[in-house]
Amino acid sequence: MNIKKVQKDIDSCRFCFMCRHICSMARVTGSEVVNPRSRGLMLSYVLRGTIPYSADLEDTVYKCCMCGCCADWCEGDWNPPAYVQEARFDMVERELAPAHIT
């Protein structure tokens, strides 16, 4: 599981709301599900075996433009785009990526 490489970032972001107002996708979509904290929370569940990778996580993982604003804004020097990228690798390996990606 590739996201194990970035578990510290995931665990640090999952309960922090400090960058949610700067997330480009969350602002454009108006959805809390696509902000870095939500991604971190869902991926922490995957890491802990609470939920499996599934097509349902596609929205959370693939609705990130990887702009890096969240990482630039982060006071803790965490890197949400890093765990999004590793989660995408995991989803491609499990053949759960959206059709337009594969």
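Heads up: these notes are all about the structure in this document. (Residues numbered from 1 in each chain as written. Predicted model: local features only at pLDDT ≥ 70, side-chain atom pairs only at ≥ 80, totals over all residues. Heavy atoms only, no water.)

Within the protein chain, the regular secondary structure consists of six helices and zero strands. Along the protein chain, from the amino end to the carboxyl end, the secondary structure elements read α-α-α-α-α-α. The long-range fraction of contacts in the protein chain, counting pairs at least 24 apart against all pairs at least 6 apart in sequence, stands at 66%. When the accessible surface of the protein chain is split by element, carbon and sulfur atoms take 53% of a total near 5,800 Å². (Helix = DSSP H or I, 4+ residues; strand = E, 2+ residues; numbered from the N terminus. Contact = heavy atoms within 4.5 Å. Areas by Shrake-Rupley, 256 points an atom, 1.4 Å probe, with all protein chains shown as cover.)

Of all hydrophobic cores here, the largest spans 18 residues; its most connected members are Ile 3, Ile 10, Leu 43, Tyr 53 and Tyr 83. Elements with a minimum of two residues in this core: helix H1 (7-13), helix H3 (36-47), helix H4 (58-62) and helix H6 (80-93). It is H6 that contributes the most residues to this core, five residues altogether. Once you skip the residues sitting within four places of it in the chain, Tyr 53 turns out to touch Met 1, Ile 3, Leu 43, Val 46, Ala 87, Asp 90, Met 91, Arg 94 and Leu 96. (Core = buried A, V, L, I, M, F, W, Y, C linked by side-chain atoms within 4.5 Å. Buried < 20%, exposed > 50% of the residue type's maximum accessible area, 1.4 Å probe, protein only.)

A full pass over the atoms with the stated rule returns zero disulfides. Free cysteine Cys 65: the closest other cysteine sulfur is in Cys 67, separated by 3.9 Å. A relative accessible area of 42% means that Cys 65 is categorised as partly exposed. Unpaired in this structure, Cys 69 has its nearest cysteine sulfur neighbour in Cys 67, at a distance of 3.7 Å. (Disulfide = S-S within 2.5 Å.)

In short, the description is geometric, and any link to function would need to be established separately.
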